[in-house]
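One-letter residues, chain by chain:
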Amino acid sequence: MDVIKALTFGAILSATIALVIGSQGTAGGALAIHLVPIAEAKLYWSWPVFLSGSGIAFGIMLLQR
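The notes below deal with the structure included here.

Rules behind the numbers
Residues numbered from 1 in each chain as written. Predicted model: local features only at pLDDT ≥ 70, side-chain atom pairs only at ≥ 80, totals over all residues. Heavy atoms only, no water. Helix = DSSP H or I, 4+ residues; strand = E, 2+ residues; numbered from the N terminus. Buried < 20%, exposed > 50% of the residue type's maximum accessible area, 1.4 Å probe, protein only. Contact = heavy atoms within 4.5 Å. Areas by Shrake-Rupley, 256 points an atom, 1.4 Å probe, with all protein chains shown as cover. Polar contact = N/O pair within 3.5 Å; in protein donor to acceptor, adjacent residues only side chain to side chain. Pairing = 2+ DSSP bridges. Expected span 1.5 Å × (residues − 1). Arc of directions from axis to C-beta.

**Brief notes about the overall build of the protein**
Then comes step 1: Along its length, the protein carries two helices and two strands.
Then comes step 2: Element order for the protein, N to C, with α for helix and β for strand: α-β-β-α.
Then comes step 3: Buried residues in the protein amount to 23% of all 65 residues.
Then comes step 4: Put simply, of all contacts in the protein between residues at least 6 apart along the chain, 50% involve residues at least 24 apart.
Then comes step 5: Approximately 4500 Å² of the protein is accessible, and the part contributed by carbon and sulfur atoms is 73%.

**Comments concerning the side chain of Ser 14**
Then comes step 1: Here Ser 14 lies in helix H1 (residues 2-22).
Then comes step 2: Under the relative-accessibility criterion, Ser 14 is labelled buried at 0%.
Then comes step 3: A distance of 2.9 Å separates a polar side-chain atom of Ser 14 from the backbone oxygen of Ser 46.
Then comes step 4: For Ser 14, the contacting residues outside a window of four places in its chain are Trp 45, Ser 46, Val 49 and Phe 50.

**Looking at the pairing of strand S2 (residues 41-45)**
Then comes step 1: Relative to S2, strand S1 (residues 34-38) runs antiparallel, the two being bridged by five bridges. Looking across to S2, one finds that Val 36 is bridged to Leu 43.
Then comes step 2: What sits between the antiparallel neighbours S1 and S2 is a turn of two residues, in which Ala 39 has the positive phi angle 55°.

**Remarks on helix H2 (residues 47-63)**
Then comes step 1: Along its 17 residues, H2 runs 24 Å from first to last C-alpha, staying within 8% of the 24 Å computed at 1.5 Å per residue.
Then comes step 2: Where H2 is concerned, the buried positions are Val 49, Phe 50, Gly 53, Ser 54, Ala 57 and Met 61. Down the axis of H2, the smallest arc covering the buried residues is 120°, so these residues share one side. Summarising the geometry of H2, the exposed residues directed more than 90 degrees from the buried face are Leu 51, Ile 56 and Leu 63.
Then comes step 3: Residue Ser 46 occupies the N-cap position of H2, its side-chain oxygen lying 3.4 Å from the main-chain nitrogen of Val 49.

Quick look at the structure:
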């Protein structure tokens, strides 16, 4: 259950940061933000932010046990 919570937090964090930085027209350097076209919508995404955010959230949840 903690993994699902951590992945959800990582997805929200990645989408938020990528939207703010990606909409300004930059790739964010090491954040590697890229545009993912889905049908008619534009979605900015960053795998490094997703993985690190999920890992940090999972670690915090393990520490709270």
